[in-house]
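Each chain, written out:
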Amino acid sequence: MGEIDEGLERAERTRPIPVHLNTRVRFLWEKVAKEDTAELARAAGVSVRTAQRWVHALKAVAEGEAAGDIPMAPANIAKVEKAVRAAWQPRVKQRVRRDAEQRGFMLHIQATFGYSSAAGSTDDPRLRTITHKMPGAVAQKLYAARDAGASQAEQERILAEGLREHYFKDNGHRARGLDVELNDVAWMDVEL
C-alpha cells in the first residue's frame, strides 16, 4: 500500500483498525462472519480448516487455556489485515467518499516535484510541502484509480495533474504551459 492509499484510508476512519492479531480475527469472526466458520474462511481468503483452527485458538485464549497471539503464517496475517481494512467502518467510508467526491478534500503533502514549461525546464527536483484544497473531481479520479487497483505511480500522476491545475496554475490564471511531475512522496495526509 502506497502513501496515497494510506492517506485516503486514514481519512476514511473515525477509529483506528485493531492492532492485535487476536482482536482482528475476533472482529472478522464476530462482525463480518457472524460466527460462521465458512464465512470467516471466505472473508480472510483461507481454507475452512484454517478458519476452524483460528476459532479454536480464539476460544482457548478467551477461556484462559492459551496466551498470546493465535499462531499464524505471515501470509495469513497479511490476509487478515487486508480483510479487516476492507470491512472496517463501511458506512463511514461511504459517507467520507461521497463528501470528498462532492466537496473536495484538503491535501497535505511533502514531495519532490519536477517542473517543465514552454520557457525551459528544470531537472532539479524540489522538495515542497503543500497544503491545498483539492476539488471533488480529483477525489473522483483518485477513488476510481484506487478501485481499479492503480499503482502508486498512477495515483501520483493523478495527484500531480490535480496540483498542476489547481495549485501551480491557479485554475488557469497563471503559469501557462507548466507541467508538474510528482517524483517522490515523503508523506501525505488527506482531510475529508
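What counts and how
- Residues numbered from 1 in each chain as written.
- Predicted model: local features only at pLDDT ≥ 70, side-chain atom pairs only at ≥ 80, totals over all residues.
- Heavy atoms only, no water.
- Core = buried A, V, L, I, M, F, W, Y, C linked by side-chain atoms within 4.5 Å.
- Buried < 20%, exposed > 50% of the residue type's maximum accessible area, 1.4 Å probe, protein only.
- Helix = DSSP H or I, 4+ residues; strand = E, 2+ residues; numbered from the N terminus.
- Contact = heavy atoms within 4.5 Å.
- Axes fitted to C-alpha atoms, helices over the stretch in contact; angles between N-to-C directions.
- Parallel < 35°, antiparallel > 145°, perpendicular 65-115°, else oblique.
- Left-handed = near helix turned anticlockwise from the far one by under 90°.
- Nonpolar A, V, L, I, M, F, W, Y, C, P; charged D, E, K, R; others polar.

**Description of the nonpolar core**
Among the nonpolar cores identified, the biggest contains 29 residues, and Leu107, Ile109 and Phe113 are the most heavily contacted of them. Contributions of two or more residues to this core are made by α1 (3-11), β1 (105-117), β2 (120-134), α7 (136-147), α8 (152-168) and β3 (179-191). Take this core: its biggest share by element is six residues, from β1. Apart from residues lying up to four places away in sequence, phenylalanine 113 is in contact with Pro125, Arg126, Arg128, Ile130, Leu163, Phe168, Val180, Glu181, Leu182 and Asn183. Membership of the second largest hydrophobic core comes to 22 residues, among which are Leu40, Ala41, Ala57 and Trp88.

**Structural notes on the packing of helix α2 (residues 21-32) against helix α3 (residues 37-44)**
At a minimum axis separation of 9 Å, α2 and α3 run at an interaxial angle of 120°. When the axes of α2 and α3 are compared, the pair comes out oblique. Seen along the crossing, α2 lies across α3 with a hand that is right-handed. In this structure, α2 uses Leu28, Trp29 and Val32 to contact α3, whose residues at the interface are Thr37, Glu39, Leu40 and Ala43. Residues belonging to the contact of α2 with α3 are distributed by class as follows: five nonpolar, one polar and one charged.

Geometric values such as these leave the question of function open.
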